[in-house]
Protein chains: 2
Amino acid sequence: MSDTHNTTPTRFIDGGGIKYAYRRFGASSGTPIVFLQHFRGGLDNWDPLVTDGLAKDRPVILFNNAGVASSGGEPANTVADMAKHVLTFINALGLTQVDVLGFSLGGFVAQQLVLESPNLIRRLILAGTGPQGGEGMDAFTPAVAQHATQAIPAVENFLYLFFSPSTPSQAAGRAFWQRRHARADQDVPSSRAAMDAQATAIADWGAVPKFGRYEQLKRIRQPVLVVNGRDDIMVPSVNSFILQQHIPHATLILYPDSGHGAFFQYSDLFTSHARLFLESDATD
Amino acid sequence: MSDTHNTTPTRFIDGGGIKYAYRRFGASSGTPIVFLQHFRGGLDNWDPLVTDGLAKDRPVILFNNAGVASSGGEPANTVADMAKHVLTFINALGLTQVDVLGFSLGGFVAQQLVLESPNLIRRLILAGTGPQGGEGMDAFTPAVAQHATQAIPAVENFLYLFFSPSTPSQAAGRAFWQRRHARADQDVPSSRAAMDAQATAIADWGAVPKFGRYEQLKRIRQPVLVVNGRDDIMVPSVNSFILQQHIPHATLILYPDSGHGAFFQYSDLFTSHARLFLESDATD
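Residues numbered from 1 in each chain as written. Chains lettered and ligands numbered in written order. Predicted model: local features only at pLDDT ≥ 70, side-chain atom pairs only at ≥ 80, totals over all residues. Heavy atoms only, no water.

K.L.:
An account of the overall build of chain A is requested, with residue identities and associated values reported.
P.N.:
Scanning chain A from N- to C-terminus turns up ten helices and eight strands. By the compact-globule yardstick of 19 Å for 284 residues, chain A fits well, its C-alpha radius of gyration being 17 Å. If one aligns the C-alpha atoms of chain A with their principal axes, the spans along those axes are about 45 × 40 × 35 Å. A buried classification covers 60% of the 284 residues belonging to chain A. Within chain A, the 25 negative side-chain charges are centred at a point lying 2 Å from the centre of the 22 positive side-chain charges. (Helix = DSSP H or I, 4+ residues; strand = E, 2+ residues; numbered from the N terminus. Rg over C-alpha atoms; globule rule 2.2 N^0.38 Å. Buried < 20%, exposed > 50% of the residue type's maximum accessible area, 1.4 Å probe, protein only. Lys, Arg positive; Asp, Glu negative; His and termini not counted. Charge placed at Lys NZ, Arg CZ, Asp CG, Glu CD.)

What follows is the structure, given as structure tokens:
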């Protein structure tokens, strides 16, 4: 029996002098899928139902960018530099083609990576994210900023940021919180310096460009699956629609009564959708 | 072996003095799903891959509204009256709960029906459609109007109206056209009077209301699946996003490189998505 989300060891690999932390588990064959994490998140900020669900048919690789949680190096303060670290890491693993799932900030990095290294990426899943200079992405609301920058993020912060206020969504959030803490040896928290560097990168990515808004999305040639909740208060959901309308071959799925963390709220359904996407013909 | 899309006979049932044409096939148990058709379409304007795919797990019922194709009676010229005919028909069949798939005009009728008879409907699929008074729904462009009103609609008209101009989408459209004509005894075409009445209903539904735009969508309590292509030139795709944002429990799926007939272009993938939706828990 192969490793699972909760049993696989944390591994380290050297790339360009940086010791990147990652975990790898699941099937031994198939195109590996690399998970790129949200603001401040480490290796445990994923839903084991999603990662183990996708790992049935392919290797799953969870990754901490430089200076984030257990990874070494200095945290990057631009999305472009974060994408360079991902490329260095994938090269260090000796992989020549991967799928990528990018969540929130990780979705910004995924877009940058696919634009710069198109031959490396087979398919892309963008969750709870948006294009460079998207709608309402230049700043968090004060309430979001407060919840997102707590020294020790608590369940209440995630319930506010990732789920809708409804009873079913909040209950799904608490269930996710249990699953996400089921692993014994949890990753270390990200530093204050990592948070500050990432906040700089997010603000920079969110600024509306003077011209050519959304133009670079047309250069993404891969099949892309865009998913989000109906009411994302961190990256407004309309940005998922905008991504789908501008990327030449993108499918959009928006889930009901949910927010930024919709793919954790609907973990089984999302996993089914993601597997259909990853396994479909190129024209599907 | 049960009937299929191509082998099941056309049946007629009397409701309120009108002889409604329909076809019923598929599994004998499960919540029946009633298909409501687009502008001018009859019993053959569906994709057998979709109807037979869904019929594996439930009865499928295709229906011609009053005065449309082989149905008797006068064609209704309001969406509200069309919904009354659907209700009369479902009552005549003795069904107390159904799922509904409404395509384009059929999606307008499905929304009206669920608002007026909420206890009758379990789940709703809205394909290539939009809300009352949606964006760009008050008139067809001249090119769309020309293709949509030909005396004898030809493959070129459907390729233009239902598919994107790309080579893969046009090829998918031609494959659909073959499938849709595979049945030997095709339904009769709709009359000119039916077209005129439906055009009146569509223009009326598309007019932007003076106040309360989209308000009635909040009263739909059922789980809803909204699907469309990325670039629908008949009912602009943004209306699918609007439906999802205003209906309390709606999932949105937009397919890439496709138009009004996206769920025929991606018939297998759509069938998988629809089955996941129809079979999921109420909170999924």
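K.L.:
An account of the environment of B:Ser166 is needed here, citing residue identities and associated values.
P.N.:
Residues and elements named next belong to chain B. Here Ser166 is to be found in the loop between helix H5 (155-162) and helix H6 (167-180). Taking the C-alpha atoms as reference points, Ser166 and Ser258, separated by 92 residues in sequence, lie 8.5 Å from one another. Reaching out from Ser166, the side chain makes a polar contact with the backbone nitrogen of Ser169 at a distance of 3.2 Å. For Ser166, the side chain forms a polar contact with the side chain of Asp257, separated by 2.6 Å. (Polar contact = N/O pair within 3.5 Å; in protein donor to acceptor, adjacent residues only side chain to side chain.)

K.L.:
Break down the packing of helix H2 (residues 79-93) of chain B against helix H3 (residues 105-116) of chain B for me, citing the residues and quoting the values.
P.N.:
When two helices pack together, their arrangement is given by the angle between their axes and by how far apart the axes lie. Residues and elements named next belong to chain B. Closest axis-to-axis distance for the H2/H3 pair is 8 Å, and the angle between their directions is 70°. Put simply, H2 runs roughly perpendicular to H3. Here Val79, Ala80, Met82, Ala83, Val86, Leu87 and Ile90 of H2 come into contact with H3, specifically with Leu105, Phe108, Val109, Gln112 and Leu113. Class assignment of the residues belonging to the contact of H2 with H3 gives a composition of eleven nonpolar, one polar and no charged. (Axes fitted to C-alpha atoms, helices over the stretch in contact; angles between N-to-C directions. Parallel < 35°, antiparallel > 145°, perpendicular 65-115°, else oblique. Contact = heavy atoms within 4.5 Å. Nonpolar A, V, L, I, M, F, W, Y, C, P; charged D, E, K, R; others polar.)

K.L.:
Explain helix H7 (residues 192-206) of chain A to me, using residue names and the numbers behind them.
P.N.:
All names here are of chain A. Between its first and last C-alpha, H7 extends 21 Å over 15 residues, near the 21 Å set by a 1.5 Å rise per residue. Taken as a whole, H7 has its buried residues at Ala194, Met195, Ala197, Gln198, Ala201, Ile202, Trp205 and Gly206. Considered in projection along H7, the buried side chains sweep an arc of 165° and stay on one side of the axis. Looking at the buried residues of H7, the elements they touch are helix H2 (79-93) and helix H3 (105-116). (Expected span 1.5 Å × (residues − 1). Arc of directions from axis to C-beta.)

K.L.:
How would you summarise the interface of chain B and chain A if you had to cite specific residues and measurements?
P.N.:
Counting residues at the interface gives 26 residues for chain B and 26 residues for chain A. Buried area between chain B and chain A, summed over both chains or domains, comes out near 2,200 Å², and the portion from carbon and sulfur atoms is 64%. Inspection of the chain B/chain A interface yields zero salt bridges. Taken together, the connections running from chain B to chain A amount to eight residue pairs in polar contact (both at pLDDT 80 or more). Those elements that place two or more of their residues in the side of chain B that touches chain A are helix H8 (238-246), strand S8 (250-255) and helix H10 (267-279) of chain B. The dominant element in the side of chain B that touches chain A, judged by the number of residues it contributes, is S8(B), at six residues. When its residues are assigned to classes, the side of chain B that touches chain A shows 13 nonpolar, nine polar and four charged. Judged from the three bridges that link them, strand S8 (residues 250-255) of chain A and S8(B) form a sheet pairing that is antiparallel. (Buried area = accessible area lost by both parts, 1.4 Å probe. Salt bridge = Lys/Arg side-chain N within 4 Å of Asp/Glu carboxyl O. Pairing = 2+ DSSP bridges.)

K.L.:
Would you mind going over the pattern of salt bridges in detail, with residue names and values included?
P.N.:
The full count for this structure, using the stated rule, is 26 salt bridges over all chains. Across the pair A:Arg11 and A:Asp3 runs a salt bridge, and its minimum N-O distance is 3.8 Å. Given a relative accessible area of 33%, A:Arg11 falls into the partly exposed group. Residue classification places A:Asp3 among the partly exposed residues on the basis of a relative accessible area of 30%. Measuring nitrogen to oxygen at the nearest pair gives 2.6 Å for the salt bridge that ties B:Asp47 to B:Arg179. Separated by 132 residues along the polypeptide, B:Asp47 in the loop between strand S3 (33-36) and helix H1 (48-55) and B:Arg179 in helix H6 bring together distant segments of the chain. Accessibility classification places B:Asp47 together with B:Arg179 in one group, the buried group. Each of A:Asp57, A:Arg58, A:Arg275 and A:Glu279 takes part in one network of salt bridges that share partners.

K.L.:
Could you give an account of the relation of the copies chain B and chain A, naming the residues involved and the relevant values?
P.N.:
For the pair chain B and chain A, the best superposition has an RMSD of 0.0 Å and corresponds to a rotation of 180° with a translation of 0.0 Å parallel to the axis. Such a turn and shift between the copies fits a two-fold axis. If distances are taken from each C-alpha of chain B to the rotation axis, the shortest is found for B:Ile253, at 2.3 Å. Comparing interface residues between copies, 100% of those in chain B also lie at the interface in chain A; the contact surface is shared. (Least-squares fit on C-alpha atoms with pLDDT ≥ 70 in both.)

K.L.:
Let's hear about the pairing of strand S3 (residues 33-36) of chain A: which residues, and what values?
P.N.:
Residues and elements named next belong to chain A. Of the two faces of S3, the one carrying Ile33 and Phe35 and the one carrying Val34 and Leu36 are both buried. Note: S3 against strand S5 (residues 98-103), four bridges, orientation parallel. Residue pairing in the sheet places Leu36 in a bridge with Gly102 of S5.

K.L.:
Residues and numbers for the packing of H1(B) against H10(B), please.
P.N.:
Residues and elements named next belong to chain B. At a closest axis distance of 9 Å, the pairing of H1 and H10 adopts a crossing angle of 30°. In terms of their interaxial angle, H1 and H10 are classed as roughly parallel. In the crossing of H1 with H10, the sense of the turn from one axis to the other is right-handed. Across from Leu49, Val50, Gly53 and Leu54 in H1, the residues of H10 making contact are Ser267, Asp268, Phe270, Thr271, Ala274, Arg275 and Leu278. Classifying every residue of the contact of H1 with H10 gives six nonpolar, three polar and two charged. (Left-handed = near helix turned anticlockwise from the far one by under 90°.)

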